[in-house]
Structures are given as C-alpha cells and as structure tokens.
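Listed below are the residues making up each chain.
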Amino acid sequence: MKLSEFKYKFDEKDREKLIALHPVENRDESRLMVIHRDTGDIEHKVFKDIVDYFDEGDVFVVNNTKVFPARLYGNKEKTGAEIEVFLLRELNPDMNLWDVLVDPARKIRVGNKLYFGEGELVAEVIDNTTSRGRTIRFLFEGERDTFYEMINTLGETPLPDHFKERRKVETKDRERFQTIYAEHVGAVAAPTAGLHFTKQLLKRLEIKGIDVDPITLHIGLGTFRDVEVEDLTKHKMDSENYRITESTATSVNRALDEKRRVCSIGTTSMRALESSVSASGRLKENEGWTDKFIFPPYEYKICNALVTNFHLPQSTLLMMAAAFGGYDLIMKAYEIAVKEKYRFFTYGDAMLII
C-alpha cells in the first residue's frame, strides 16, 4: 500500500479540537470504540466496559515498559547557550554513552561540554550521528543508581512534540504519562493503550478469570517518526528492545490452544509478539531488538483482539491498526471518530478491535 492511502480528514481545526492535551480525570472512563471485524459493526462505549467483551481464560498482553524523564534542559560551556538534549537510548552503561537528539543542533558540536542543573551533571559531545543526533558521554563516576536518580530529578517527562507548542509539561504528567503496571525503565514514550487501565479494572479482569500477562518493549521516538516515502516497503523502522518471558509465552499459547481470545494492549505489545513467532505459529520466549514494520496486507499470527488509541494520519500506528482490523473498516472508523469527536493521540480515547 501507499502512504497517501492513510490520510483521513483531520485538518488544523480538527487537530485543535480533538488532540487531547490532558487525560480524562479517571483513566478507565475514556471513551472506547468497539469494532467488530466479522460484521463491521461499531459500538460506542466507555473503556471500563472492555471487561464485557472477554471471558474466563482469555488473555490480555500488556507492555510493562517504564518511561523515564528523557528530556533534559541545560547550557553549553563558555557561551551558556540554552540547549535541549533528548535521551534516546543508553549505548554503553560502563562508559556512560548515550544516543541523543539535540536542539538547537547547529550550536551543539563534537567537543562541546553540556551542563545540566547547577552543573552537577556534565556531558561531552563525542560524535554526530544525524542532523539532530549526537552521541554524548556523561562525565559521571558515581553509582549507577545515583546517576539515574539525577536523571530522574533533572529530566522532564518526554511528552510528544505536539504538546510543546500548546502547553507546558505539568507535575501530574509524571504519573499520567505512565501505565499503572510500568516496571522496567527504558521507554521515551508511553504505551498509550495501557494508560486507560486502573487497579479497579485490573481487579475486575482478575475476578472474571482473564489473565493479564506482561511483555516489555522499550518504545523509542522511531515509533512516531514520520513516514517520508510513498512506497511503504521502503520505510525503515527504528529498532526497539523487547523481552517476552517464558510465563507470558506459556499463557498466550495455552489461550491459543484453547481457542480463547488473546488481546494485545497496544501496537507496541503487538510488535513484540509478532517479532517472536515460532514456526508452528506459537509465541516463543525471546529477547532482542525488533524493527518490524507492519502495514496492510498482513496476517497476524498471535492476537485476535487489539486495543489501541486513535492515531494521526499517515502514522505507522494507524497502519498497524488497519492491518489488524481491515483497511476499509478502520478508515471508516476514523471518519466516525472525527465526526463523533473522539479524543485523539497520547491522552486520547481508545478503540477495541475484535
């Protein structure tokens, strides 16, 4: 398929009205569009109603990655110029090497020293990787835990760029831009489909006999990178680190064998699952990196249900949803979502495709 086929009517006025700048007060009271693949029917519910669509023995697969405060503001040595450094991934823990994005890029060159806070954290630029990309080395000799505590103190919640023009990061974003089951630090963006879950909702799933099993995929900014080629086969996804445990693989495979529902909570969980399929079509324990790019037509091997938020036009996340729900049905659902004023993107509403 072509990039242009994933446009839908979402003009500047729609962006102003429909992109959610704040989450709803109660996580599980966001709206939920339920899309039935077999009939094409579309229902309008509240997220906590999701329990009604699953039965004992079904499985939810959630991404338990944890977002760290990846956006740092600091100054260049000598000039004192204000700079922004966005931590993408740690390249070498022993040497304190990080892959980062910088702004303004033209002012940040190899050899520059960068100071954060009151100078308690210092980094040196050691390589250019892309126009905005740099490799930096933190000049820090303390314990690893102390280093991460400093990042946690000095860093800012890495809300996506579209927030920066319209509101400042707030204290409550630390909590709300994080799933309640987040455990393993490593993501620079939240698995947004999981933001709708509450402790009460998880308890209701447990009481009904629905298993909730974790995988870990550390989301990078590549998930949101614009697709710049019309021919989708030529788009390259950034690699993301993931891990699937033996216990989750066993739970998922049992559900498949019993012909139960296996529901991926988010496209990030789905990417990890589809990156670890055995020759017999079952999920296998695995750990590694995936750059898998899924777009229609694609035959999913593991899940038969998907929860995902409403994504922007021409995004890889929209393409994954269309590959799962069927291109025509999902594009129709997006037209309805705009008309019905669903909330879009990170803090927006969700859809369940079954």
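Look up a bit, the structure's there.
Per-chain numbering applies: the sequence of each chain, read as written, is numbered from 1 onward. Whole-chain, interface and lining totals are the exception, using all residues; otherwise, since this is a predicted model, local features are given only for residues with pLDDT of at least 70 and side-chain atom pairs are given and counted only at 80 or more. By convention in this description, side-chain values take in all heavy atoms of the structure and omit both hydrogens and water.

### Observations concerning the side chain of Asp349
Let me state the cut-off plainly: Put simply, DSSP marks the helices as runs of H or I at least four residues long and the strands as runs of E at least two long, and each gets a number from the N terminus on. Throughout, exposure labels follow a simple rule: accessible area from a 1.4 Å probe, protein chains only, divided by the maximum for the residue type, with under 20% read as buried, over 50% as exposed, and the rest as partly exposed. When charges are tallied, Lys and Arg are placed among the positive residues and Asp and Glu among the negative ones, while His and the ends of the chain are skipped. Criterion for a salt bridge: a side-chain nitrogen of Lys or Arg within 4 Å of a carboxyl oxygen of Asp or Glu. Each polar contact in these results corresponds to two N or O atoms within 3.5 Å; when the atoms are within protein, one needs to be able to donate a hydrogen and the other to accept it, and residues that are neighboring in sequence are counted only if both atoms are side-chain atoms.
Mapped onto the elements, Asp349 comes out in the loop between helix H9 (327-339) and strand E17 (350-353). Despite its burial, Asp349 pairs with no opposite charge; the closest candidate is Arg343, at 4.3 Å N-O. A distance of 2.9 Å separates a polar side-chain atom of Asp349 from the backbone nitrogen of Arg31. Among the polar contacts made by the side chain of Asp349, one reaches the main-chain amide nitrogen of Arg343 at a distance of 2.7 Å.

### Concerning the packing of helix H7 (residues 267-274) against helix H8 (residues 316-325)
Definition in use: A fitted line through C-alpha atoms represents every axis, and for helices the fit uses only the stretch in contact; the resulting angles, taken between N-to-C directions, go from 0 to 180 degrees. Working definition: roughly parallel below 35 degrees, roughly antiparallel above 145 degrees, roughly perpendicular at 65 to 115 degrees, and oblique for all remaining angles. When the near helix sits turned anticlockwise from the far one by under a right angle, the crossing is termed left-handed; a clockwise turn instead gives a right-handed crossing. Here a residue-residue contact requires only that any non-hydrogen atoms of the pair lie within 4.5 Å. Residue polarity is assigned by list, with Asp, Glu, Lys and Arg as charged and Ala, Val, Leu, Ile, Met, Phe, Trp, Tyr, Cys and Pro as nonpolar; anything else, Gly included, falls into the polar class.
Here H7 crosses H8 at 65 degrees, and the two axes come no closer than 10 Å. Relative to H8, H7 is oriented roughly perpendicular. Crossing angle aside, the handedness with which H7 passes H8 is left-handed. Within the contact between the two elements, H7 uses Thr267, Met270 and Arg271 and H8 uses Leu317, Met320 and Phe324. By residue class, the composition of the contact of H7 with H8 is 4 nonpolar, 1 polar and 1 charged.

### Digging into the sheet that holds strand E15 (residues 286-290)
Selection criterion: Note on pairing: DSSP must find at least two bridges between two strands before they are called paired.
One open sheet accounts for 9 strands, arranged E2-E1-E17-E16-E14-E3-E12-E13-E15; its pairing is mixed. Edge positions in the sheet fall to strand E2 (42-46) and E15, since each of these pairs with one other strand and no more. Across this sheet, the average inter-strand angle for adjacent strands is 25 degrees, counted without regard to direction. For strand E14 (residues 262-265) and strand E16 (residues 305-309), the ladder comprises 3 bridges, and the chain directions are parallel. By the bridge assignment for E16, Ile265 is matched with Val307.

### Observations concerning helix H2 (residues 144-154)
Formally: Think of the arc as the fan of directions from the helix axis to the C-beta atoms.
Among the residues of H2, Phe147, Met150 and Ile151 are the ones counted as buried. With its buried residues spanning 100 degrees around the axis, H2 presents them on a single face. Residues of H2 that are exposed and point over 90 degrees away from its buried face: Asp145, Glu149 and Thr153.

### Some details on the pairing of strand E12 (residues 211-217)
Pairing of strand E3 (residues 59-63) with E12, which is carried by 5 bridges, proceeds in the parallel orientation. Counted as the bridge partner of Phe60 is Val212 from E12.

### Some remarks on empty space enclosed by the protein
A probe matching the size of a water molecule, rolled over the atoms, marks out where space remains unfilled. Spelled out, the test is: Cavities and pockets were defined on a 1 Å grid built from protein atoms only: a cavity is a group of points that admits a 1.4 Å probe but offers it no way out, a pocket is an open group of points flanked by protein on both sides within 12 Å along at least five of seven lines, and a lining residue is one with an atom within 4 Å of any such point. Grid points are joined across faces, edges and corners, and a volume is the space filled by probe spheres set on the points.
Overall, the coordinates contain 3 cavities of 30 Å³ or more when judged by the stated rule. Of the voids in this model, the largest cavity is the one considered here, and its volume is about 140 Å³. Along the wall of the largest cavity there are 16 residues; nearest its centre are Ala190, Thr192, Thr267, His311 and Leu317. When residues of the lining of the largest cavity are traced back to their parent elements, those giving at least two are H7 and E16. A per-class count over the lining of the largest cavity returns 7 nonpolar, 9 polar and no charged.

### Overview of unusual backbone geometry
Put simply, Asp103 and Pro104 share a cis peptide bond, and its omega is 0 degrees. With an omega dihedral of -10 degrees, the bond running from Pro296 to Pro297 counts as a cis peptide bond. Mapped onto the secondary structure, Pro297 falls in the loop between E15 and E16. For Lys78, which is not glycine, the phi torsion reads 70 degrees and is therefore positive. Position of Lys78 relative to the elements: it lies in the loop between strand E5 (71-76) and strand E6 (82-92). The phi angle at Phe345 is positive, at roughly 75 degrees, despite the residue not being glycine. You can see Phe345 is positioned in the loop between H9 and E17. With a relative accessible area of 10%, Phe345 lands in the buried category.

### Here we look at the pattern of salt bridges
This model, assessed by the stated rule, comprises 20 salt bridges. Across the salt bridge formed by Glu16 and Arg166, the nearest N and O atoms sit 4.0 Å from each other. Linking Glu16 in helix H1 (residues 12-18) with Arg166 in the loop between helix H3 (161-164) and helix H4 (173-176), this pair joins segments that are 150 residues apart in sequence. Using a relative accessible area of 48% as the deciding quantity, one classes Glu16 as partly exposed. Judged by its relative accessible area of 28%, Arg166 is partly exposed. Close ionic contact of Asp231 with Lys234 constitutes a salt bridge, the shortest N to O distance being 3.1 Å. A relative accessible area of 23% means that Asp231 is categorised as partly exposed. Exposure remark for Lys234: the relative accessible area of 61% places this residue in the exposed category.

### Some thoughts on the nonpolar core
Keep this limit in mind: Residues belong to one nonpolar core when they are buried, are Ala, Val, Leu, Ile, Met, Phe, Trp, Tyr or Cys, and are joined through side-chain atoms within 4.5 Å.
Membership of the largest hydrophobic core comes to 66 residues, with the highest contact counts inside it found for Ile330, Phe344 and Met351. Ignoring sequence-local partners within four residues, the contact set of Met351 consists of Leu32, Met33, Ile35, Leu306, Val307, Thr308, Phe310, Ile330, Ala333 and Tyr334. Within the second largest apolar cluster, 26 residues are counted, among which are Ala70, Phe138, Met150 and Val188.

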